[in-house]
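Observations on the model geometry
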Amino acid sequence: MDSFWGNIFRQREKEEEGIRYILRRIPVFKGLNRKELAAVERILYRREYKSGEIIFHQGDPAAGMYIIEKGKVQVVFEPTQQVIAELHDGDFFGELALLDDSPRSATVIARMDCKMLGFFQSDLLDLIERTPRLGVKIVMRLLTVIGERLKKSNEQVQALQIKLYNLKQKRQNIAGSGS
Amino acid sequence: MMEATLRRWVKTMLIVLMVIGVLVFLVAIGDLVKLVIISALLAYILDPLVTLIESNGINRTPATAILFAAIALILGLILILLMPLISAELFEMSNGIDPEKVQQAFTRLDNSIKEALAFLGIPDLHLSDRLSDTVVQFGNSLFSNLFDVFSVFTNLVLTPFIVFFLLKDSRSIKKYFISLVPNRYFELTCNLIYKMDVQLGNYLRGQILDALVVGILSIIALWLLDVKNALFIGTFAGIANVIPYIGPLCGAVLGVGLSLLETGDLMFALYIALAFGVVQLIDNAVLQPNIVARNVDLPPLAVLLVVIIGGKFFGILGMLLSVPVTAIVKVFLQEGIHIYRQYHFT
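In every chain, residue numbers begin from 1 and rise along the written sequence. Here chains are named by letter from A upward and ligands by number from 1 upward, in the order in which they appear as written. For a predicted model such as this one, the threshold for reporting local features is a pLDDT of at least 70, and the threshold for listing and counting side-chain atom pairs is 80 or more; totals across whole chains, interfaces and linings nevertheless cover every residue.

Take the overall build of chain A next. Numbering of helices and strands runs from the N terminus, with a helix taken as a DSSP run of H or I at least four residues long and a strand as a DSSP run of E at least two residues long. Secondary structure summary: chain A contains 4 helices and 8 strands in total. Secondary structure elements in chain A, listed N-terminal to C-terminal, are α-α-β-β-β-β-β-β-β-β-α-α. Exposure is read from a count of other C-beta atoms within 10 Å of each residue's own; the residue is exposed at 12 or fewer, buried at 20 or more and partly exposed in between. C-beta atoms are placed from the backbone. Here chain A holds 179 residues, and the buried ones make up 25% of them. Contacts spanning at least 24 positions in sequence make up 76% of the contacts within chain A whose residues lie at least 6 apart. Contact between two residues is assigned when their C-beta atoms, built from the backbone, lie within 7 Å.

What follows covers the interface of chain A and chain B. The partner chain B presents 16 residues to the 16 residues of chain A that form the contact. Mapped by element, the contributors of at least two residues to the side of chain A that touches chain B are β1 (45-49), β2 (54-56) and α3 (121-130) of chain A. Split by residue class, the side of chain A that touches chain B holds 8 nonpolar, 3 polar and 5 charged. Three classes are used: nonpolar for Ala, Val, Leu, Ile, Met, Phe, Trp, Tyr, Cys and Pro, charged for Asp, Glu, Lys and Arg, and polar for all others, with Gly counted as polar.

Another aspect to go through is the sheet that holds β2(A). All names here are of chain A. Spatially, β2-β7-β4-β5 is the arrangement adopted by the 4 strands of the open sheet, whose pairing is antiparallel. Whereas interior strands pair on both sides, the edge strands pair on one side only; in this sheet they are β2 and β5 (82-87). Each strand of the sheet is rotated relative to its neighbour by a mean of 30 degrees, with strand direction disregarded. Between any two strands, at least two bridges found by DSSP are needed for them to pair. Note that strand β4 (residues 73-77) and β5 share 5 bridges and pair antiparallel. The partner of Val76 across the bridge, within β5, is Val83. Each axis is a line fitted through C-alpha atoms, and for a helix only the stretch in contact is used; angles between axes span 0 to 180 degrees, taken between their N-to-C directions.

Our focus in this paragraph is the sheet that holds strand β6 (residues 92-93) of chain A. Residues and elements named next belong to chain A. Taken in spatial order, the 4 strands make up an open sheet running β1-β8-β3-β6, and their pairing is antiparallel. Across the chains shown, the open sheet's two edge strands, defined by having one partner strand only, are β1 and β6. Sheet topology places strand β3 (residues 64-70) next to β6; 2 bridges connect them, and they run antiparallel. Counted as the bridge partner of Tyr66 is Phe93 from β6.

Residue and element names in this part refer to chain B. For every domain, the bounds stem from an assignment made automatically or drawn from a database. Domain boundaries in chain B define domain 1 (1-96 + 150-180), domain 2 (97-147) and domain 3 (183-346). In this assembly, 14 residues from domain 1 lie in contact with 16 residues from domain 3. Of all the secondary structure elements, the ones that give two or more residues to the side of domain 1 that touches domain 3 are α2 (30-54), α3 (60-96) and α7 (170-179). Of the residues in the side of domain 1 that touches domain 3, the class split is 9 nonpolar, 1 polar and 4 charged.

A word on the pairing of β3(A). In the case of a regular strand, side chains alternate between the two sheet surfaces. All names here are of chain A. Burial within β3 is extensive, with 6 of its 7 residues counted as buried. Bridge count for β3 against strand β8 (residues 114-120) is 6 bridges, and the pairing is antiparallel. Directly across from Gly64, in β8, lies its bridge partner Phe120.

Let's shift gears to the confidence of the model for chain B. All names here are of chain B. For every residue, the predictor reports its confidence as pLDDT, a number between 0 and 100. This prediction gives chain B a mean pLDDT of 80; 80% of its residues lie at or above 70. Highest mean pLDDT in chain B belongs to α7 (89); lowest belongs to helix α5 (residues 127-147) (57). As scored by the predictor, the complex reaches a pTM of 0.70 and an ipTM of 0.77.

Take the environment of A:Asp101 next. Residue and element names in this part refer to chain A. Locating Asp101 in the fold gives a position in the loop between β6 and β7 (107-110). Residue class for Asp101 comes out exposed when judged on the 10 C-beta atoms lying within 10 Å of it. Separated by 37 residues in sequence, Asp101 and Gly64 place their C-alpha atoms 9.3 Å apart. In this view, Asp101 contacts Pro61 and Ala62; residues no more than four positions away in its chain are not counted.

Now for the nonpolar core. A set of buried Ala, Val, Leu, Ile, Met, Phe, Trp, Tyr and Cys residues, joined through C-beta atoms within 7 Å, is what we mean by a nonpolar core. B:Leu222 and B:Ile233 are the most contacted members of the largest nonpolar core, which totals 42 residues. Counting residues per element, the ones that place at least two in this core are α2, α6 (149-168), α8 (186-224), α9 (230-240), α10 (246-263), α11 (266-291) and α12 (300-342) of chain B. Both of domain 1 (1-96 + 150-180) and domain 3 (183-346) of chain B provide at least three residues apiece to this core. Residues in contact with B:Ile233, not counting those within four places in the same chain, are B:Ser218, B:Leu222, B:Val227, B:Leu254, B:Gly255 and B:Leu258. Judged by nonpolar contacts, the second largest core, of 36 residues, contains A:Ile19, A:Ile26, A:Phe92 and B:Cys190.

Angle between the axes and distance between the axes are the two parameters that describe a pair of packed helices. Residues and elements named next belong to chain B. It is the contact of α10 with α11, at a shortest axis distance of 9 Å, that shows an interaxial angle of 160 degrees. Considered as vectors, α10 and α11 are oriented roughly antiparallel to each other. Between α10 and α11 lies a crossing of right-handed hand. For the pair α10 and α11, contact is made by Pro248, Gly251, Ala252, Gly255, Val256, Ser259, Leu260 and Thr263 and by Phe268, Ala269, Ile272, Ala273, Phe276 and Gln280, respectively. Split into classes, the residues belonging to the contact of α10 with α11 amount to 9 nonpolar, 5 polar and no charged. Just so you know how the angles are binned, under 35 degrees is roughly parallel, over 145 roughly antiparallel, 65 to 115 roughly perpendicular, and the rest oblique. Put simply, a crossing is left-handed when the front helix is turned counterclockwise from the back one by less than a right angle, and right-handed when it is turned clockwise.

Okay, the environment of B:Leu305 next. Residue and element names in this part refer to chain B. Tracing the chain through its elements places Leu305 in helix α12. Look at Leu305 and you get partly exposed, because 14 C-beta atoms sit within 10 Å. Residues Leu305 and Gly234 lie 71 residues apart in sequence; the distance between their C-alpha atoms is 26 Å.

Let us look at unusual backbone geometry. Here the phi dihedral of A:Gln81 falls at roughly 60 degrees; this positive angle occurs in a residue that is not glycine. For A:Gln81, the location among the structural elements is in the loop between β4 and β5. Even without being glycine, B:Asp226 reaches a positive phi, approximately 65 degrees. Locating B:Asp226 in the fold gives a position in the loop between α8 and α9. In this structure B:Asp226 comes out as exposed when scored by C-beta crowding, with 8 C-beta atoms within 10 Å.

So this is what it looks like as structure tokens:
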């Protein structure tokens, strides 16, 4: 009997440790101590999705972010059906929904059986109210992540602008040499 | 094809049977359901206070215990300080009303109605007999509800017990119910719960704060007019204010009626009516727009109907709870439909 209960508790501890290991690797939760990670873990929703199942649709109201505990998903831009990204174990998506209420910008589909962790805006707000120090830490990390993405996007836009400028120059040169 | 249709039929029938079974079971344990609903409402109203205590670095269970200790202290103080005053007022009131005077007043009223509406051929109305019958019936139901040993036990012991555990485990309970929702409705459910929480939380807490302020304002107004039972009438007006449209009227009728029966001074009764009018004006112009969420407003006819239905099935408590329960249903449907339309389901 002891070993039966022992096994159950060991299994649960293993799962919790597994979730904390994943959370530690997510930039949004970086630098949180054991107790803080446990507080975050308590407000996460564990969901399981079958291969081919849609996690959310482009245009749906956004409620929160997802962390892939196990599995693979594809981020699809619906109008063109173009796969924008493929995400795996430990990756996360939809984090913008934690800060604003704008609709989902893409559709996410499970490409194999997935175990996910949902982290919702309402729970983040509740966490900020209950434990402001932890809440602010998460929001600051979230802003850093989004800031980094914005920086990257700016760099890409700048690179594209330079490309466009060069192309325009080339076209002018060709037109000049032609006349 | 046939097999699939049959299977779907069997599944639907099983679900319908299960729903009927659950409903029958809930009706059978009606008292307990009523208790759980009241406890859930109380827990919901108290939840932000536990969160406030938690924000000081205290865990949920001790935070809930601290809140309970604080409430016990406040209730104890009210019992020690206010109850003797209110009961003295009630005693004075029962002594102050002369039964003969009341009988005469009703006979006069009876006769004047009969004379005014003589062309309709109305026989004796026996208003005083009807009133005394109603009072006896009301008293009996109140007495049986308040002093039934089982209900005293359940109300005093079980309610705080259920409220405590609902408050302590509110997040786990919410998480458990959300875990039962299929994936395709998961985000919708989370969104719906959040939106409902924001609207209902503001509405219910606003109503309570509003009732408290109206109660205090009524007591002050009646005290300034030197009305004998200011504390009792004001408290009643505050509690009744939870029921829109009907509640404020009940408070005013009680105040005016009691003063008429006690003093018979029409001018004085008019002043009291005016005082209630001013309190209602302040409530409608200043308090309600700032405290109570407007989008949960219920149409007057709906309020009247649900209060009658609530009163019919669950007595005074039903009348008080019918409006917030209807507000919950309204917000659920309103938000549910609005959010459902925004989602794609494939």
